[in-house]
Every structure is written in structure tokens, then in C-alpha cells.
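Overview (structure and organization)
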Amino acid sequence: MATEKVFPMTQAGKEKLEQEIEYLKTVKRKEVVERIKIARSFGDLSENSEYDSAKEEQAFVEGRITTLENMIRNAKIIEEDEMASDTVTLGRSVTFIELPDGEEETYTIVGSAEADPFEGKISNDSPIAKSLMGRKVGEEVTVQTPGGEMSVRIVSIK
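Residues numbered from 1 in each chain as written. Predicted model: local features only at pLDDT ≥ 70, side-chain atom pairs only at ≥ 80, totals over all residues. Heavy atoms only, no water.

1. Some details on the nonpolar core
The criterion, for reference: Among buried residues, the Ala, Val, Leu, Ile, Met, Phe, Trp, Tyr and Cys ones that are joined through side-chain atoms within 4.5 Å form a nonpolar core. Buried residues are those whose accessible area, probed at 1.4 Å on protein chains only, stays under 20% of the maximum for their type, while exposed residues exceed 50% and partly exposed ones sit between those limits. Helix numbers and strand numbers start at the N terminus; a helix is a DSSP run of H or I with at least 4 residues, a strand a run of E with at least 2. Pairs of residues are marked as contacts when any of their non-hydrogen atoms sit within 4.5 Å.
Counting residues in each nonpolar core, the largest one holds 17 residues, and the members touching the most others are M9, L17, L68, M71 and A113. The dominant element in this core, judged by the number of residues it contributes, is helix 2 (residues 49-73), at seven residues. Not counting the four nearest positions on each side in its chain, M71 is found in contact with F7, M9, L17 and A113. Counting 16 residues, the second largest nonpolar core, distinct from the first, contains L90, F96, I109 and V143.

Structure follows, in C-alpha cells:
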């Protein structure tokens, strides 16, 4: 039997996933069931787009719940004291500048389960994070991105 994927994440990331599961189970699930009831009242289900749409949403919600439960079950919480303070590791925020004269960018490196680029959280599986992991302040790193190579200098690690 194949081993299940481990999802490294912070405690805050795990709590956020637990909150999403709670919302999906207590609120969203009930809303979808109500939509299905209403759509059934319209009669013939064979040509009922409201019913089809509600059933598709129900399948999505149930699939998301299963995915989140699996992530939480296989979570590996990254503890603050496990992280080296002077090295880029999972859970750390790293600020770097693109060379030769780019602007500073700051990202927190998190597990794929809690990645959210719009909030400045990038997955440890991303090209940038993979290139920065294990590096220290002042180091220059070449990052392989889908758009080509990019050189950066690490300014700070928090």
C-alpha cells in the first residue's frame, strides 16, 4: 500500500483548515441540501438545470471536505523551536531582492495545504521556495522559474 502524503503546516494553517471543514459541514452542506430540495420541487429532474447545478455543488463540497480531512489527518505541524533562526525553512518569512535592481519581496514559506500567494504565503514545493530553502541572509540564489532564471539576494529571515 502506498504511503500517504504528509502535509507540513503551521499550527495556524491547521486551525484554518479545521475552520473551513466546520463551515462546509455546518453551513454549506445545509445550503446545498436546501437547494436540492427546492430544485426537486420544480418537477422533472431530467431537464432541471438547478437540480444538476446543486448536485454538482454537493459533490464539490463533499470532495473538499474529504480532501481537507485527509490533509489534517496527515498534517505534520512545524514547531517554532524546530526552525533554525538564521536559515530559510518552512514557516519562516524571507525577504529578498531580485538582482540586479529589483524591489524587495517578502514571502512566508508554508506547506502546500496552506499556500496562498495573495497573502504572501508560498508553497515549499514552489520553485522560489525550493531554491531558497536552507539558505542564509546575504546569499545570492538563482531561482529556476517557468519564465526563466531569476537571481535574488536574501535580505532577511524572520
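2. What about the pairing of strand 7 (residues 148-157)?
Definition in use: At least two bridges found by DSSP between two strands is the condition for calling them paired.
Two elements, strand 3 (residues 93-98) and strand 7, share five bridges in a ladder whose sense is antiparallel. Residue pairing in the sheet places F96 in a bridge with I154 of strand 7. The loop that links strand 6 (residues 140-145) with its antiparallel partner strand 7 comprises two residues.

3. Quick word on the sheet that holds strand 4 (residues 104-110)
How we decide: Comment: axis = line fitted to C-alpha atoms, over the contacting stretch for helices; angle = value between 0 and 180 degrees taken between N-to-C directions.
The strand order across the open sheet built from five strands is 5-4-3-7-6, with neighbouring strands paired in mixed fashion. Edge positions in the sheet fall to strand 5 (121-123) and strand 6, since each of these pairs with one other strand and no more. Pairwise comparison of adjacent strand axes, ignoring direction, gives a mean angle of 45° for this sheet. Judged from the six bridges that link them, strand 6 and strand 7 form a sheet pairing that is antiparallel. Within the sheet, the bridge partner assigned to E140 lies in strand 7 and is R153.

4. A short note on the pattern of salt bridges
To keep things clear, this is the line we draw: Whenever Lys or Arg places a side-chain nitrogen within 4 Å of a carboxyl oxygen from Asp or Glu, that contact is recorded as a salt bridge.
With the rule as written, the count across this model stands at ten salt bridges. Of the charged contacts, one joins E69 and K25 as a salt bridge, the two residues approaching to 2.8 Å between their closest N and O atoms. A residue pair is termed long-range when its members are at least 10 positions apart, and E69 in helix 2 and K25 in helix 1 (residues 11-40) qualify at 44 residues. E31 is paired through a salt bridge with K28; the nearest N and O atoms lie 3.6 Å apart. Taken as a pair, E31 and K28 lie in helix 1 at a separation of three residues, close to a single helical turn. The exposure class of E31 is partly exposed, given its relative accessible area of 37%. Bridged by salt links that share partners, the residues K28, E31, R35 and E57 form one connected network.

5. Examining helix 2
An α-helix turns once every 3.6 residues. As a result, residues three or four positions apart point the same way. How we decide: Helix span is expected to be 1.5 Å times the residue number reduced by one. In the analysis that follows, any N or O atom pair within 3.5 Å is treated as a polar contact, provided that within protein one partner can donate a hydrogen and the other can accept it, and provided that, for residues neighboring in sequence, both atoms belong to side chains.
In this model helix 2 runs 36 Å from its N-terminal to its C-terminal C-alpha over 25 residues, within 8% of the 36 Å that 1.5 Å per residue would give. Inspection of helix 2 places Y51, A54, E57, V61, I65, L68, M71 and I72 among the buried residues, and these make up the whole buried set. Sitting at the amino-terminal end of helix 2 is N48, which places a side-chain oxygen 3.2 Å from the backbone nitrogen of E50.

6. Regarding helix 1
Which entries qualify depends on this criterion: The quantity called bend is, for any residue, the angle between two axes fitted respectively to the seven residues ending at it and the seven beginning at it.
Counted at 1.5 Å a residue, the expected span for helix 1 with its 30 residues is 44 Å, and the 42 Å between its end C-alpha atoms agrees. The principal kink in helix 1, of about 40°, is found at L24. Listed in full, the buried residues belonging to helix 1 are G13, L17, I21, L24, V32, I36 and A39. The inward-facing, buried residues of helix 1 contact strand 1 (7-9) and helix 2.

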